[in-house]
Amino acid sequence: MFQSSSLDSEARIAIENIGWTLGNDCPYRCFHCYSMSAREKGSNLTRSMVDRVVGQLAINGIKTVNLGGNEPLFTSGIDATKTLLPYIISSLVEREIIVGLTTAGITVNCLAQEHPGAFGLLNDIDVSIDSPFPEEHDKNRGASLFGKAMSALRKCEEAGIEHTAVMCGMSWNLSDKHIDGLVKLARETKSNVRINFIKPTEPQHLDMLPSPELFYRASMRLLEQCDPVELGEPLLNTLIGGSGTGCPCGTKSFRIHSITPDGKIPISPCVYLHDYRAGDILVDDLYDIVRSYQFRAFRQRLANPGKIPG
């Protein structure tokens, strides 16, 4: 049962693109990690769970799924030999769902070597690059991962899979030198390039938040060297004269959380709001979950911008 809302005006449900946080563990401790605070160890995915989730996505018309959140290889703890990732990828593709993947590099390198069939089914891959300079990247990741990230980009290039070097834009990695280095790295690996500016979900993230001046300077530096494919950052889109459609959370997209210690898989309308969850997709129908109070609140916000203070 889900609580209904008092507002009657809300955006139309058009959910097609979602993210799925796989696993509840990761051997790395990146300083800006969004999922670390929400990660709760204690239970692993099973094939029957995967079948249930994939089935629910398929019958509700989901078109694309990005596998990430934690390092997606670790669906069953740190032991990569127990991973269900190849099964998850093939199950989604069999239901005609387009599959993308976000990784620090580890997952791609493992798939390409140990599970080439599943690797070849991927539509697109995002590889996280915190800095184009190896020492800085490894320091922020807490491990020697720069080489693995570069290897992953090259494996994508060799396999003909569309790939993107994705940087979380923070106060320390948006200088002209960093932007130029990121573009150079992307050109060398024939990658797209994207910056996701950090969204402070925890107090310690506030120190990493770039100033408005740095945000715009870095954005313009990037635009001067690249051809825009998509501009999902509202402020940047407005800067170049584009028109936004508002926040997609709960209306066009949502996030499947990693499995909890008691074996539940909740869903959130927003990737950044870990505690704003609804239902358990293992027992609740997805159709009902996206019509819950938590999702309706996001659609009502989108439909009623004039009622948002300020």
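As a starting point, this report considers the structure included with it. Numbers given to residues run from 1 along each chain, matching the order in which its sequence is written. With the structure being a predicted model, the display of local features is reserved for residues of pLDDT at least 70 and the display and counting of side-chain atom pairs for 80 or more, all residues being used for whole-chain, interface and lining totals. Where side-chain values are given, they derive from all heavy atoms of the structure, hydrogens and water being excluded.

## A look at the overall build of the protein chain
Helix and strand definitions follow DSSP, with helices as H or I runs of at least four residues and strands as E runs of at least two, each counted in order from the N terminus. Counting secondary structure elements, the protein chain contains eleven helices and eight strands. Its C-alpha atoms give the protein chain a radius of gyration of 19 Å, near enough to 19 Å, the size a compact globule of 310 residues would have. The buried label applies to any residue whose accessible area, calculated with a 1.4 Å probe on protein chains only, is under 20% of its type's maximum; exposed applies above 50%, and partly exposed to all values in between. Counting every position in the protein chain, which comprises 310 residues, the buried fraction comes to 50%. Note on areas: Shrake-Rupley with a 1.4 Å probe; residue coverage comes only from the protein chains shown. Here the protein chain has roughly 14900 Å² of accessible surface; of this, 52% comes from carbon and sulfur atoms. In this tally, Asp and Glu contribute negative charge and Lys and Arg positive charge; neither His nor the terminal groups of the chain are included. Note on charges: their place is set at NZ of Lys, CZ of Arg, CG of Asp or CD of Glu. Here the protein chain holds 31 positive side-chain charges and 36 negative ones, and the gap between their average locations is 1 Å. In this treatment the radius of gyration is a C-alpha quantity, and the globule benchmark scales as 2.2 Å times the residue count to the 0.38 power.

## With respect to a nonpolar patch on the surface
The patches described consist of residues with a relative accessible area above 30% and no salt bridge, like charges being joined within 9 Å and nonpolar side chains (Val, Leu, Ile, Met, Phe, Trp, Tyr) within 5 Å. Here, a salt bridge means any Lys or Arg side-chain nitrogen found within 4 Å of an Asp or Glu carboxyl oxygen. Together, Y216, M220, L235, L239 and I240 make up an exposed nonpolar region whose accessible area comes to about 420 Å². Looking at the nonpolar patch, the elements with two or more residues in it are helix 8 (212-225) and helix 9 (234-239). Following the sequence through the fold, I240 ends up in the loop between helix 9 and strand 7 (253-256).

## Here's the deal with helix 2 (residues 85-94)
Those residues of helix 2 that sit buried are L85, P86, I88, I89, S91 and L92. Buried positions along helix 2 lie against strand 1 (17-21), helix 1 (47-59), strand 2 (64-68), strand 3 (98-103), helix 3 (106-114) and helix 4 (116-121). Following helix 2 by one or two positions, E96 has its phi on the positive side, about 60 degrees. What makes two residues a contact is simply this: any of their non-hydrogen atoms within 4.5 Å.

## A closer look at the state of the cysteines
In protein chemistry, a disulfide is the covalent bond that joins the sulfur atoms of two cysteines. Our working definition of a disulfide is a cysteine sulfur pair at a distance within 2.5 Å. Within the structure shown, the criterion is met by zero disulfides. C270 forms no disulfide, and the closest cysteine sulfur to it belongs to C249, at a distance of 4.0 Å.

## A few points about helix 1
One less than the number of residues in a helix, times 1.5 Å, gives the span that helix is expected to have. Counted at 1.5 Å a residue, the expected span for helix 1 with its 13 residues is 18 Å, and the 18 Å between its end C-alpha atoms agrees. Buried within helix 1 are the following residues: M49, V50, V53, V54, G55, Q56 and L57. On the buried face of helix 1, the contacting elements are strand 1, strand 2, helix 2, strand 7 and helix 10 (286-289). Once helix 1 finishes, G61 follows within two positions and takes phi at roughly 75 degrees, a positive value.

## Considering the packing of helix 3 against helix 6 (residues 146-159)
To get an axis, fit a line to the C-alpha atoms, keeping to the stretch in contact for a helix; angles then go from 0 to 180 degrees between the N-to-C directions. For the pair helix 3 and helix 6, the least separation of the axes is 8 Å and the interaxial angle reads 50 degrees. Between helix 3 and helix 6, the angle is such that the two are oblique. Here helix 3 runs over helix 6; the crossing is left-handed. Along the contact surface, helix 3 presents I106, V108, N109 and A112, while helix 6 presents K148, S151, A152, K155 and C156. Of the residues assigned to the contact of helix 3 with helix 6, the class counts are five nonpolar, two polar and two charged. Here roughly perpendicular refers to angles of 65 to 115 degrees, roughly parallel to angles under 35, roughly antiparallel to angles over 145, and oblique to all remaining angles. Two helices crossing with the near one rotated counterclockwise from the far one by less than a right angle form a left-handed crossing, whereas a clockwise rotation gives a right-handed crossing. Under the grouping applied here, Gly and all other residues not named as nonpolar or charged are polar, the nonpolar ones being Ala, Val, Leu, Ile, Met, Phe, Trp, Tyr, Cys and Pro and the charged ones Asp, Glu, Lys and Arg.

## Some details on the nonpolar core
Side-chain atoms within 4.5 Å link the members of a nonpolar core, which is a set of buried Ala, Val, Leu, Ile, Met, Phe, Trp, Tyr and Cys residues. By size, the foremost hydrophobic cluster in this structure holds 62 residues, and its most contacted members are L57, L67 and F254. A per-element tally of this core places helix 6 first, with six residues. What L57 contacts, discounting residues up to four positions off in sequence, is I18, I62, V65, L92, I97, F254, I256 and L286. Listed in part, the six residues of the second largest apolar core include L73, A104, C110 and L145.

## Digging into the packing of helix 1 against helix 2
At a minimum axis distance of 10 Å, the contact between helix 1 and helix 2 shows a crossing angle of 30 degrees. Between helix 1 and helix 2, the crossing angle belongs to the class labelled roughly parallel. Here helix 1 and helix 2 pass one another in a crossing that is right-handed. On helix 2, the residues that touch R47, V50, D51, V54 and L57 of helix 1 are Y87, I88, S91 and L92. Residue composition of the contact of helix 1 with helix 2, grouped by class: six nonpolar, one polar and two charged.

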